[in-house]
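The primary structure of each chain is shown beneath.
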Amino acid sequence: MSSKLNLEFVKIPAGEFMIGSDPSRDRSHHPDELPHHQLHITDYYLMRNPVTNAQYGYFIESTGHRKPLFWKNDHYPDASGDHPVVGVNFFDALAFCRWAKEQTGLPLRLPSEPEWEKAARGEDGRIYPWGDNWQDGVTNTRESKIGGTSPVGKFSPQGDSPYG
């Protein structure tokens, strides 16, 4: 595998988990998060962090794929190589996965909604990756006052899901 690509994965174990929101625990739930129910899925691997600008830049250099919407002068800002890429659509993400699969020989694809939810919320259906109660300073939100993206891993391990 190319050292420029540098993908890191975490194994999400097979088993039952609670998908959807529990209205008795999460008063901020949305109607499309219902019903709260148990689901079984097989084990799978998920990237530990989002795709970074640098990783996506390597994809663009290798394939000539279009640039993300917010890159200026056909390149991401110098200080943001380790930030998650933004301004890509579903089809761009699929193209990256196909290319990364060819580069690594790994069966890469986008996660399904249940896979993403189990990885983010754990088996117990917690509201946030770290638990049911909001905590300031463990994720990049308006409250953090960062005002943009931040380096992947900046909020680890305090903001991690049970699987890291």
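Rules used throughout
- Residues numbered from 1 in each chain as written.
- Predicted model: local features only at pLDDT ≥ 70, side-chain atom pairs only at ≥ 80, totals over all residues.
- Heavy atoms only, no water.
- Helix = DSSP H or I, 4+ residues; strand = E, 2+ residues; numbered from the N terminus.
- Buried < 20%, exposed > 50% of the residue type's maximum accessible area, 1.4 Å probe, protein only.
- Contact = heavy atoms within 4.5 Å.
- Areas by Shrake-Rupley, 256 points an atom, 1.4 Å probe, with all protein chains shown as cover.
- Patch = residues over 30% accessible without salt bridge, like charges linked within 9 Å, V, L, I, M, F, W, Y side chains within 5 Å.
- Salt bridge = Lys/Arg side-chain N within 4 Å of Asp/Glu carboxyl O.
- Core = buried A, V, L, I, M, F, W, Y, C linked by side-chain atoms within 4.5 Å.
- Phe/Tyr/Trp six-rings, centres within 6.5 Å; stacked < 30°, edge-to-face > 60°.

Engineer: Tell me about the overall build of the protein, and please be specific about residues and values.
Structural biologist: The number of helices and strands found in the protein is three helices and four strands. Start at the N end of the protein and walk to the C end: the helices and strands fall as β-β-β-β-α-α-α. Principal axes of the C-alpha set define a box for the protein whose edges measure 50 × 40 × 30 Å. Burial analysis of the protein (164 residues in total) assigns 36% to the buried set. Across the protein, contacts joining residues at least 24 apart in sequence account for 65% of those joining residues at least 6 apart. For the protein, the exposed area adds up to about 10,200 Å²; of that, 52% sits on carbon and sulfur atoms.

Engineer: Help me get a handle on unusual backbone geometry, residues and values and all.
Structural biologist: With an omega of 0 degrees, the peptide bond between Leu 34 and Pro 35 qualifies as cis. Note on placement: Pro 35 falls in the loop between strand E2 (15–19) and strand E3 (37–41). In this structure, the amide linkage connecting Ser 156 to the following residue, Pro 157, adopts the cis form with an omega of 0 degrees. Take Pro 157: it is sitting in the segment after helix H3 (113–121). With a phi angle near 45 degrees, Asn 6 is a residue other than glycine that sits in the positive phi range.

Engineer: Give a description of a nonpolar patch on the surface that names residues and reports values.
Structural biologist: Taken together, the side chains of Leu 69, Phe 70 and Val 86 define a hydrophobic patch exposed on the protein surface, amounting to about 320 Å² of accessible area. Note that Phe 70 resides in the loop between helix H1 (53–63) and helix H2 (90–104).

Engineer: Could you give an account of the nonpolar core, naming the residues involved and the relevant values?
Structural biologist: Among the nonpolar cores identified, the biggest contains 15 residues, and Leu 5, Tyr 56, Phe 59, Trp 71, Phe 96, Trp 99 and Ala 100 are the most heavily contacted of them. Elements represented by at least two residues in this core include exactly H1 and H2. Contacts of Leu 5, omitting those with residues within four sequence positions, involve Gln 55, Tyr 58, Phe 96, Trp 99, Ala 100, Gln 103 and Thr 104. Of all hydrophobic cores here, the second largest spans nine residues; its members include Ile 12, Phe 17, Ile 41 and Ala 119.

Engineer: Could you give an account of the environment of Asp 32, with specific residues and numbers?
Structural biologist: Among the secondary structure elements, Asp 32 is positioned in the loop between E2 and E3. In the structure, Asp 32 is positioned eleven residues away from Ser 21 in sequence and 9.1 Å away in space, judged by C-alpha atoms.

Engineer: How would you sum up H3? Please name residues and give values.
Structural biologist: Glu 115, Glu 117, Lys 118, Ala 119, Ala 120 and Arg 121 are the residues of H3 that are buried. Elements in contact with the buried residues of H3: strand E1 (9–12), E2, E3 and strand E4 (44–47).

Engineer: Explain the side chain of Asp 92 residue by residue, including any values.
Structural biologist: Within the secondary structure, Asp 92 is located in helix H2. Residue classification places Asp 92 among the buried residues on the basis of a relative accessible area of 4%.

Engineer: An account of the environment of Ala 95 is needed here, citing residue identities and associated values.
Structural biologist: Here Ala 95 lies in helix H2. When the C-alpha positions of Ala 95 and Thr 63 are compared, they lie 9.7 Å apart, and in sequence the two are 32 residues distant. Discounting residues that sit within four places of it in the chain, Ala 95 has contacts with Phe 59 and His 65.

Engineer: Let's hear about the packing of aromatic side chains: which residues, and what values?
Structural biologist: Enumeration according to the criterion identifies twelve aromatic pairs in this entry. For the pair Phe 59 and Trp 99, a centre-to-centre distance of 5.4 Å together with 50 degrees between the ring planes defines the contact as tilted. Taken together, the residues span a long stretch of sequence, with Phe 59 in helix H1 and Trp 99 in helix H2 at a distance of 40 residues. Taking relative accessible area as the criterion, Trp 99 reaches 6% and is therefore assigned buried.

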